[in-house]
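Commentary on secondary and tertiary structure
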Amino acid sequence: MKDVDFKTDKVLAKEFLSNFADIHGEAKYMNILVTPAPAPTPTPTPLSFSLWKIDGTLSSHFPFSFQQEIANRRIKAIQIDVEDLFNCKDVDEEFLRRVTENTRRYVSIFADAVDELLPEPTEVFADDDHDILMTQRSQEGTENADGEVYIKASSKERPFTIREVKASYIGQLVRISGIVTRCSDVKPLMQVAEVTARIFMPLFECPSGRCSTNRAKGNLILQLRASKFMKFQEAKIQELAEHVPKGHIPRTMTVHLRGELTRKVAPGDVVELSGIFLPIPYTGFRAMRAGLVADTYLEAMSVTHFKKKYEEYELRGDEEEQIARLAEDGDIYNKLARSLAPEIFGHEDVKKALLLLLVGAPHRKLKDGMKIRGDIHICLMGDPGVAKSQLLKHIINVAPRGVYTTGRGSSGVGLTAAVQKDPVTNEMVLEGGALVLADMGICAIDEFDKMEESDRTAIHEVMEQQTVSIAKAGITTSLNARTAVLAAANPAWGRYDLRRTPAENINLPPALLSRFDLLWLILDRADMDSDLEMARHVVYVHQNKESPALGFTPLEPSILRAYISAARKLSPCVPRELEEYIATAYSSIRQDEAKSNAPHSYTTVRTLLSILRISAALARLRFSETVAQSDVDEALRLMQMSKFSLYSDDRQKSGLDAISDIYSILRDEASRINSLDVSYAHALNWISRKGYSEAQLKECLEEYAALNVWQIHPNTFDIRFIDA
């Protein structure tokens, strides 16, 4: 291997950085990540953590030049993209190869180059002690690195999986994708110029010339006030499920995050990290056991989230225009719902319910501190082969934060929290389970009916109070679990048995059932027309590997996330004029249930809260600040449609066809309000609650008008009964 001239490389680095920061230079393609330091008062608010384009517009963002901002400690970190080095005309391929293969060395070279380019600071700092120490160190020739330099790997090629990073990549810049499973607290890490390991043995005897000449053993005491500390965090990253070969278990890797990269990841985040792959020897008793074996870790240089949280989602210019266009579309509710899992045939109302689960309702906090949840919980119960699990998987992919688990593979502590020993500090610490990891997201639980009863009770508190209370191993605490639960289950005997009551078939305790806003029963019934359509759909998807035409282009998951993030910023309220309407609708549901011999559902006050939540979610989709009557009607319709397959069987048993049943509904409602005139809008609302369509209503109107039972207005389709 030929000798590398690091001095020449430093000159190259300085040339690159000069272009990097030159406002009028040619480096208009440069990306830099600047992290402003906390500004001393009373200066304006510091700039947010963001990506700046260095071009002629820089002066409008910064009052001084880029170098001056670093000298004045307004910018604490610089991120250099390898792609920018590749595009720079002053940099050759050999230099680029050395940067990616010996990154640790070149981080310090770039840091030295930045220090040499810096002008004198033009602002006075409040931290006088720090400046005195820095001046002393510079006079003594000690390193004066106060900022941080990160080198980001090129994003042109696909990222490595953890098992692809082998010994040949030691010391090199690599890009890895995975899911964060554990994060430590952010702790101060002492920065000592000569020490690169996590531990060091401090000097106890003074090594200076005067002490050695006089043979005096001067004691050295570590001065914490004069030491420099930086933020340090350790995380564990695990392979994504799709990257694990068959028959293997997912591998994990330790990641060290320093300085401005701390607090950027949380357990459950799917991230892409670029960093330096390095070895680290074991220490203490572990070193005695390990012998000559060393561990490896990733020194993180950049963090990129695959799916941003709703609160952190920043709309780009083209996304804002697209969402504005979608919001003006009158049929947006149907389009958004049909864009969820377009490969799955039918289930349109189920998809609408799942869309509302993603949107959710605002959380309410009352004056006395009581909280009312806004998350919508849904349970899909149905026969085998109705695509329940596929719907669950798709919703987890769309949601920015989602955890998927199954009933048999989940224990009570696995869902809530477990007490474990921290490998770093050896203290007993709490490790959050699936419901805690899904905080502010969605937790999908498949095979819900196959869970042990003792494990299922752990979900009760989460679903209503949205906390997990723990009293284990001397730790008494309450963890947040503000999650929407989406469960899928089979009926008690595998398939729904119509000879038994709904309660016997569902086989879940009423305390748990009442916590679900919607319990959706999906029954697999033989029907010639729908079976033909579904078979054609499935064959088409297998041949073409895409969904058949829906009449419009299905929206991408990224656009769905952007639309939902914009909708979730609203907090719709229920106007006074709707209070009586909602109360009447709720009381009528209770009355219908009381009259029924075998009720299909279990209605409590929680059902009323469910109506309000679903209505608020529908108002959010319309970007409205108030709930409309149409939202309440749609919420009631969805609740009715969730048991539609049962009602249709009841009608078959009673011998009523759809047209006769619609007539009896309209007649009963007209007699209830004691009026011969019924508006078409009211008629459509009544029959849609029972699961009928507008086409069936029009057929009924024509048939009974021909029998002279009622008259139909030619323009408005309003109804007037002839026979009182």
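In the nomenclature of an unreviewed UniProt entry, the chain is known as DNA replication licensing factor MCM7 of Dillenia turbinata. Annotation of the chain in UniProt includes, under Subcellular location (unreviewed entry), the sentence "Nucleus". Of the comments in the UniProt record for the chain, the one headed Sequence similarities (unreviewed entry) reads "Belongs to the MCM family."

**Some details on the overall build of the chain**
What the chain contains, in helices and strands, is 28 helices and 24 strands. Put simply, the chain has 724 residues, and 42% of those count as buried. Expressed as a percentage of contacts within the chain between residues at least 6 apart in sequence, the contacts between residues at least 24 apart total 71%.

**As for the side chain of S610**
In this structure, S610 sits in helix α23 (residues 605-621). Excluding residues within four positions of it along the chain, S610 makes contact with D517 and M639.

**Some thoughts on the packing of helix α5 (residues 93-101) against helix α6 (residues 103-117)**
At a minimum axis separation of 5 Å, α5 and α6 run at an interaxial angle of 110°. Considering the angle they form, α5 stands roughly perpendicular to α6. Residues F95, R98, V99, T100 and E101 of α5 touch α6, and the partners they reach there are T103, Y106 and F110. Its residues assigned to classes, the contact of α5 with α6 comprises four nonpolar, two polar and two charged.

**Looking at helix α24 (residues 629-641)**
Spanning 13 residues, α24 covers 18 Å between terminal C-alpha atoms, matching the ideal 18 Å at 1.5 Å per step. Across the 13 residues of α24, 11 count as buried, placing the element largely inside the fold.

**Thoughts on a negative patch on the surface**
Residues D524, D527, D529, D531 and E533 make up a contiguous surface patch of negative charge. Mapped onto the elements of the fold, D529 is located in helix α20 (residues 528-544). D529 gets classed as exposed once you look at its relative accessible area, which sits at 54%.

**Focus: the packing of aromatic side chains**
Within the structure shown, the criterion is met by 10 aromatic pairs. Judged by centre distance (5.7 Å) and plane angle (50°), the rings of Y704 and W710 are tilted. Take Y704: its relative accessible area is 13%, and that puts it in the buried class. An aromatic cluster of at least three residues, connected via ring pairs, comprises Y663, Y704, W710 and F721. Of note, K698 hangs over the ring of F717, and the distance from its end group to the ring centre comes to 5.4 Å.

About the cut-offs
- Residues numbered from 1 in each chain as written.
- Predicted model: local features only at pLDDT ≥ 70, side-chain atom pairs only at ≥ 80, totals over all residues.
- Heavy atoms only, no water.
- UniProt positions renumbered as here; feature names shortened; annotations may be inferred.
- Helix = DSSP H or I, 4+ residues; strand = E, 2+ residues; numbered from the N terminus.
- Buried < 20%, exposed > 50% of the residue type's maximum accessible area, 1.4 Å probe, protein only.
- Contact = heavy atoms within 4.5 Å.
- Axes fitted to C-alpha atoms, helices over the stretch in contact; angles between N-to-C directions.
- Parallel < 35°, antiparallel > 145°, perpendicular 65-115°, else oblique.
- Nonpolar A, V, L, I, M, F, W, Y, C, P; charged D, E, K, R; others polar.
- Expected span 1.5 Å × (residues − 1).
- Patch = residues over 30% accessible without salt bridge, like charges linked within 9 Å, V, L, I, M, F, W, Y side chains within 5 Å.
- Areas by Shrake-Rupley, 256 points an atom, 1.4 Å probe, with all protein chains shown as cover.
- Salt bridge = Lys/Arg side-chain N within 4 Å of Asp/Glu carboxyl O.
- Lys, Arg positive; Asp, Glu negative; His and termini not counted.
- Charge placed at Lys NZ, Arg CZ, Asp CG, Glu CD.
- Phe/Tyr/Trp six-rings, centres within 6.5 Å; stacked < 30°, edge-to-face > 60°.
- Lys NZ or Arg CZ within 6 Å of the ring centre and 35° of its normal.

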